[in-house]
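# An overview of the molecular structure
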Amino acid sequence: MSYRNHPLPTRLYLGIADHFPARRSEWVLAGIMIGWGGLLVGPAPVFAQSKAWSQMAAMMSESAWGWFAICIGAFRLLALIINGTFAGTWYGRWSPHVRALASFLTCFLWFQISFGLWASDAATTGLAVYPGLLVLDAMNIVAAMKDAAGMDKAVSDGR
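So, here is what we can say about the structure in this document. This is a predicted model, so every value here is computed, not measured.

What counts and how
Every chain's residues receive numbers from 1 upward, in the order its sequence appears when written. Only residues with pLDDT of at least 70 get local features here, since the model is predicted, and only at 80 or more are side-chain atom pairs given and counted; chain-wide, interface and lining totals rely on the full set of residues. Side-chain numbers here rest on the full set of heavy atoms in the structure, without hydrogens or water. Labels follow the DSSP assignment, with helices taken as runs of H or I lasting at least four residues and strands as runs of E lasting at least two, numbered in each case from the N terminus. Contacts were defined at the residue level, with two residues in contact if any of their heavy atoms lie within 4.5 Å. His residues and chain termini do not enter the charge count, which takes Lys and Arg as positive and Asp and Glu as negative. By convention, the point assigned to a charge is CZ for Arg, NZ for Lys, CD for Glu and CG for Asp. The patches reported here contain residues having more than 30% relative accessible area and no salt bridge. Joining distances are 9 Å for like charges and 5 Å for nonpolar side chains (Val, Leu, Ile, Met, Phe, Trp, Tyr). Accessibility throughout is a Shrake-Rupley quantity obtained with a 1.4 Å probe, and a residue counts as covered only by protein chains that appear here. Here, a salt bridge means any Lys or Arg side-chain nitrogen found within 4 Å of an Asp or Glu carboxyl oxygen. In this description, a nonpolar core means a group of buried Ala, Val, Leu, Ile, Met, Phe, Trp, Tyr and Cys residues linked to one another through side-chain atoms lying within 4.5 Å. Buried means the residue's accessible area, taken with a 1.4 Å probe over protein chains only, is under 20% of the maximum for its type, while exposed means over 50%, and partly exposed covers the values in between. Given a helix with a known number of residues, its expected span is that number minus one, times 1.5 Å. In this scheme, the bend at a residue equals the angle between the axes fitted to the seven residues that finish there and the seven that begin there.

### Here we look at the overall build of the chain
In terms of regular secondary structure, the chain is built from five helices and zero strands. From first element to last, N terminus to C terminus, the chain shows the α and β order α-α-α-α-α. Dimensions along the principal axes, computed over C-alpha positions, put the chain at roughly 55 × 30 × 25 Å. Taking all contacts inside the chain whose residues are at least 6 apart in sequence as the whole, residues at least 24 apart take part in 69%. Averaging the positions of the 11 positive and the 8 negative side-chain charges in the chain gives two centres separated by 7 Å.

In structure tokens form, the structure reads like this:
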């Protein structure tokens, strides 16, 4: 549905509200990603508190991981806003593709976290959580790719 005739705040609200039920896990996982990244760039060191993070700390600094996560989460939120609110625009046509890319990037991070925790041999409850987030985002990739295929088909059919 197009919201072009509505003022921008109303258009944003309607676009998000109409698509939120179908995309709720994408919204929540984007929020988790931003929150996780925020903890890493915050003043208190996270990686130094547990050997569970040693694998990730060996690859990049805590701050670098944090900003990477924040950027991916923000990129994802932007894609979700565009997907619901500006679907009838030239750039809205690509939003399912961007959502799939954002889910893929997020899967990369969930995988790095899960593998790092597993490889560290540290007993942590994160091993019960992060693989689950990885699976949820893998399912989001499939859903976004189905949406992208539908969009590609509609464009090729001239709709």
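From this point, the discussion proceeds with the structure in view.
### Some words on a nonpolar patch on the surface
Among the surface-exposed residues, Phe111, Phe115, Trp118 and Leu127 lie close enough to one another that they form a single nonpolar patch of about 420 Å² accessible area. Counting residues per element, the nonpolar patch draws most heavily on helix α4 (residues 95–119), at three residues. Counting through the fold element by element, Trp118 comes out in helix α4.

### Side note on the nonpolar core
Counting residues in hydrophobic clusters, the biggest one holds 18 residues, and the most contacted among them are Trp36, Trp53, Met56, Leu109, Trp110, Ile113 and Tyr130. Secondary-structure elements contributing two or more residues to this core are α1 (8–41), α3 (62–85), α4 and α5 (126–156). Each residue touching Met56, except ones within four places of it in the same chain, is listed here: Trp36, Phe47, Trp65, Leu109, Gln112 and Ile113.

### Side note on the pattern of salt bridges
As enumerated under the stated definition, the model contains five salt bridges in all. Two residues, Asp147 and Arg99, come together in a salt bridge whose shortest N-O distance is 3.1 Å. Here Arg99 lies in helix α4 and Asp147 lies in helix α5, a separation of 48 residues in the sequence. Its relative accessible area of 27% is what places Asp147 among the partly exposed residues. For Arg99, a relative accessible area of 1% translates into the label buried.

### Things to note about α1
For α1, which comprises 34 residues, the first-to-last C-alpha distance of 32 Å sits more than 12% below the rise-based estimate of 50 Å (1.5 Å per residue). Residue Arg23 marks the point of greatest curvature in α1, where the axis turns by about 90 degrees.

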